Amino acid sequence: MSSTDSVTTLDAHARELLFRNARTANTFSSEPVSDEVLKEVWELAKWPPTAANTQPLRVLYVRSDKAKERLLPHVAEGNVDKVRSAPVTAVLAMDSAFHEHIPTVLPFRPEMKDALEANEDMRTSMGTFGSTLQAGYFILAVRSVGLTAGPMAGFDSAGVDSEFFGDGRWKSTLLVNVGHPGKDPWFDRLPRLDDDEVLRFE
């Protein structure tokens, strides 16, 4: 039986790892993260769905001291130490020309490439939505390989784009520090809304 013929459930440990016990890390240990593990993160993150399978998310792994020094001037002051301590900072970005890959990723509707080329608003909306979905998948993938993630929106996206994506095609949307937790890595758990505030059944 293939994986598409049946659906199983995650055990309690996996659910705790990915959801209930998962926390945003604010400090990281010096333990390195290998290229192989970072590739494994993407191997998992690339499979969940996006609109029309367009897959607009792109990832830049910033890991060398030189690259970190280029990134830090564009990070909000309160996030600088977090970036410094992390062995890797993933810059998640939307490929503004993601539609060019449609003949490959959606081969039964290649004409969609031209439709999106002619409609910038639709292309931007689809790319923003899809890359945001994929950012969530990416964080879960980081957790699933035994690492912690520290997602951050506190950065100058225009500065990051100018520094790392000079051709203007990739547009940064989120920074995610990746590694093993360091000293006192967690803030106190903040409350979640009660079910009756967010759920409706018709």
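Residues numbered from 1 in each chain as written. Predicted model: local features only at pLDDT ≥ 70, side-chain atom pairs only at ≥ 80, totals over all residues. Heavy atoms only, no water.

S.K.: How would you explain a nonpolar patch on the surface if you had to name every residue and give the values?
M.R.: A contiguous nonpolar patch, built from Leu193, Val198, Leu199 and Phe201 and spanning about 480 Å² of accessible area, is present on the exposed surface. Mapped onto the elements of the fold, Phe201 is located in the segment after helix H9 (195-198). For Phe201, a relative accessible area of 73% translates into the label exposed. (Patch = residues over 30% accessible without salt bridge, like charges linked within 9 Å, V, L, I, M, F, W, Y side chains within 5 Å. Areas by Shrake-Rupley, 256 points an atom, 1.4 Å probe, with all protein chains shown as cover. Salt bridge = Lys/Arg side-chain N within 4 Å of Asp/Glu carboxyl O. Helix = DSSP H or I, 4+ residues; strand = E, 2+ residues; numbered from the N terminus. Buried < 20%, exposed > 50% of the residue type's maximum accessible area, 1.4 Å probe, protein only.)

S.K.: Provide a residue-level description of the packing of aromatic side chains, including the pertinent values.
M.R.: Here the distance between the centres and the angle between the planes together describe a pair of aromatic rings. Tallied over the full model, the rule gives 2 aromatic pairs. Aromatic side chains Phe165 and Trp170 sit 5.3 Å apart centroid to centroid with 55° between the ring planes, which places their arrangement in the tilted category. (Phe/Tyr/Trp six-rings, centres within 6.5 Å; stacked < 30°, edge-to-face > 60°.)

S.K.: Residue-level account of the layout of surface pockets, with values.
M.R.: Roughly 360 Å³ of volume is contained in the largest pocket. Lining of the largest pocket is provided by 13 residues; of these, Ala22, Arg23, Thr24, Arg189 and Arg192 occupy positions nearest its centre. Of the residues contributing to the lining of the largest pocket, the split by class is 5 nonpolar, 2 polar and 6 charged. Quantified by volume, the second largest pocket comes out at close to 160 Å³. If you list the elements that add at least two residues to the lining of the second largest pocket, you get helix H1 (12-20) and strand S3 (148-152). Grouping the constituent residues of the lining of the second largest pocket by class yields 5 nonpolar, 3 polar and 3 charged. (1 Å grid on protein atoms, 1.4 Å probe; cavity = no way out; pocket = protein on both sides within 12 Å on 5 of 7 lines; lining within 4 Å. Points joined across faces, edges and corners; volume = space filled by probe spheres on them. Nonpolar A, V, L, I, M, F, W, Y, C, P; charged D, E, K, R; others polar.)

S.K.: Outline the sheet that holds S3, supporting the account with residue identities and numerical values.
M.R.: Pairing within the open sheet is antiparallel, and its 4 strands lie in the order S1-S2-S4-S3. The sheet is open, and its two borders are formed by strand S1 (57-62) and S3, each paired with just one other strand. For this sheet, the mean inter-axis angle between neighbouring strands, taken without regard to orientation, is 30°. With 5 bridges connecting them, S3 and strand S4 (residues 170-179) associate as antiparallel partners. Bridging from a neighbouring strand, Ala149 pairs with Val178 of S4. Together, S1, strand S2 (88-95) and S4 form the strand contacts of helix H2 (residues 35-45), whose direction differs from that of S1 by roughly 165°. Helix H7 (residues 120-144) contacts S1, S2, S3 and S4 of the sheet and is inclined by roughly 155° relative to S2. (Pairing = 2+ DSSP bridges. Axes fitted to C-alpha atoms, helices over the stretch in contact; angles between N-to-C directions. Contact = heavy atoms within 4.5 Å.)

Nothing here speaks to function; it is all geometry.
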